[in-house]
Structure formats: structure tokens, C-alpha cells
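Next come the chains, spelled out residue by residue.
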Amino acid sequence: MSSSDGILAYGYNLGHSGMWTIHEIDDDYDNLARLPWYNEDNDDDLEDQATRHLLNASGFTETYATRIGDDYWTREGEAKKRLGVHFSTYCHQAEPMLVLAAHTITIARGYTTMIDPDRLATGPERHGWDAKLAAALATLGITPKQPAPGWILCSYGD
């Protein structure tokens, strides 16, 4: 049995290995060759390494291994929220594709949700999403092939 979710994300489609939609790739192999913070031999995937790089740049350098006290996950969650962006995966769990998003709406298979088009239209300016995405891209050193952030409709399944 398989399931699928619908995801509406405001941000940039980054693609995935073999189909990256950013300019910082090795043209011969479509690998992420020009991102100094990314190590393909690391057990952490791109999403985890990018999130860690953003957290470090924001001043949150604590890791689970270096945690102080018992509320590490709370502190990390608050630091991630302050970033104002996150990664959303789509396509399939075996070969996930990535969106760098400032906002996502996810709906699970079999459910519906009402969407207010006026809120979608005003959300980016009202919440400063474009600036947050631009700051994250600058910190990561990523240049999307997508010319500007926008609403991206994608699906995710297992």
C-alpha cells in the first residue's frame, strides 16, 4: 500500500541528485561540487547538512553531541523557527527532491483543506518570506535556476 500527500510550498525548487535545479553543480556529473559546507561522504544528507550550516551561521552552533542540559530539541526547534525557512521534501521517500520553503501547506491523502487565495497572495510580503529565502540562499551559496520564489505544488509518496 502506498500513500501520497499534497504539498503547496512557497520558495524554491532545488531538485535532487541527478536533477539539481541550482547552478552550483559539477556540469559533468550533476553533483553538488561547489558548496563548501556540503560533504557527500557525510552520513547526513543535503537537507541535514544545509540546515546545520544555516543554524551555525545564525549563531546556533550547539549539536546533540555538544548539548548542554536536557532541552536540546526545544532549543534547536526554536533556532530553526528563527531561520524562517525550512526544507520540504517531495516526490518519493526513496529519492526525495527538495524545496527551500518559507511556508508550506501539506495535506495528507484522503483529506481536504480550504485555501484562501488572498492569504496566498499577501503572505510573502506580509511575512517577509522573500527576504528570509534570499538570506538563506546567500548563506548556503546556492543560486536556484528558478528566477524568483513562488508557490510550488508538489506531491510526496512512499
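Note that the structure is a prediction, hence the values are computed from the model and not measured. (Residues numbered from 1 in each chain as written. Predicted model: local features only at pLDDT ≥ 70, side-chain atom pairs only at ≥ 80, totals over all residues. Heavy atoms only, no water.)

S.K.: Sorry if this is basic, but what is going on with helix α2 (residues 72-83) here?
M.R.: Because an α-helix completes one turn every 3.6 residues, residues spaced three or four positions apart along the sequence face the same direction. In a regular helix each residue adds 1.5 Å, so 12 residues correspond to 16 Å; α2 covers 17 Å between its end C-alpha atoms and thus fits that length. Among the residues of α2, those classed as buried are Tyr-72, Arg-75, Glu-76, Ala-79 and Leu-83. Mapping the buried residues of α2 onto a view down its axis gives an arc of 95 degrees, with all of them on the same face. For α2, the exposed residues set more than 90 degrees away from the buried face come down to Trp-73 and Lys-81. The elements touched by buried residues of α2 are α1 (46-57) and α4 (129-140). (Helix = DSSP H or I, 4+ residues; strand = E, 2+ residues; numbered from the N terminus. Expected span 1.5 Å × (residues − 1). Buried < 20%, exposed > 50% of the residue type's maximum accessible area, 1.4 Å probe, protein only. Arc of directions from axis to C-beta. Contact = heavy atoms within 4.5 Å.)

S.K.: Sorry, what's going on with the environment of His-86 here?
M.R.: For His-86, the position within the fold is in strand β2 (residues 86-92). With sequence-adjacent residues up to four places away left out, His-86 is seen in contact with Val-99, Leu-100, Ala-101, Ala-102, His-103 and Thr-104. Among the polar contacts made by the side chain of His-86, one reaches the side chain of Thr-104 at a distance of 3.3 Å. (Polar contact = N/O pair within 3.5 Å; in protein donor to acceptor, adjacent residues only side chain to side chain.)

S.K.: Help me understand the layout of surface pockets in this model?
M.R.: If you roll a probe as big as a water molecule over the atoms, it shows you where there is empty space left. As a volume, the largest pocket reaches approximately 250 Å³. Taken together, 17 residues make up the lining of the largest pocket; nearest its centre are Asp-44, Asp-48, Gln-49, Thr-51 and Arg-52. Elements with a contribution of two residues or more to the lining of the largest pocket: α1 and α2. Counting residues per element, the lining of the largest pocket draws most heavily on α1, which supplies 7 residues. Classifying every residue of the lining of the largest pocket gives 5 nonpolar, 7 polar and 5 charged. (1 Å grid on protein atoms, 1.4 Å probe; cavity = no way out; pocket = protein on both sides within 12 Å on 5 of 7 lines; lining within 4 Å. Points joined across faces, edges and corners; volume = space filled by probe spheres on them. Nonpolar A, V, L, I, M, F, W, Y, C, P; charged D, E, K, R; others polar.)

S.K.: What should I look at first to understand the nonpolar core in this one?
M.R.: As a rule of thumb, nonpolar side chains are buried together in soluble globular proteins. In terms of nonpolar packing, the biggest core is built from 28 residues, with Leu-14, Phe-87, Leu-100 and Ile-142 touching the most fellow members. Those elements that provide at least two residues to this core are β1 (4-15), α1, α2, β3 (95-108) and α4. Sorting elements by how many residues they give to this core places α4 first, with 5 residues. Among all residues touching Ile-142, those that are not within four sequence positions of it are Leu-14, Ile-22, Glu-24, Leu-35, Trp-37 and Leu-137. Among the nonpolar cores identified, the runner-up in size contains 8 residues, and Ala-9, Tyr-90, Met-97 and Cys-154 belong to it. (Core = buried A, V, L, I, M, F, W, Y, C linked by side-chain atoms within 4.5 Å.)

S.K.: I keep staring at the environment of Ile-7 and nothing clicks. Help me out?
M.R.: Within the secondary structure layout, Ile-7 lies in strand β1. Accessibility expressed as a relative area gives 4% for Ile-7, which makes it buried. Sequence separation between Ile-7 and Cys-154 is 147 residues; the distance between their C-alpha atoms is 5.2 Å. Sequence-distant contacts of Ile-7, defined by excluding residues within four places in its chain, comprise Ser-88, Thr-89, Tyr-90, Ile-105, Thr-106, Ile-152, Leu-153, Cys-154 and Tyr-156.

Everything listed here is a matter of geometry and, on its own, says nothing about what the molecule does.
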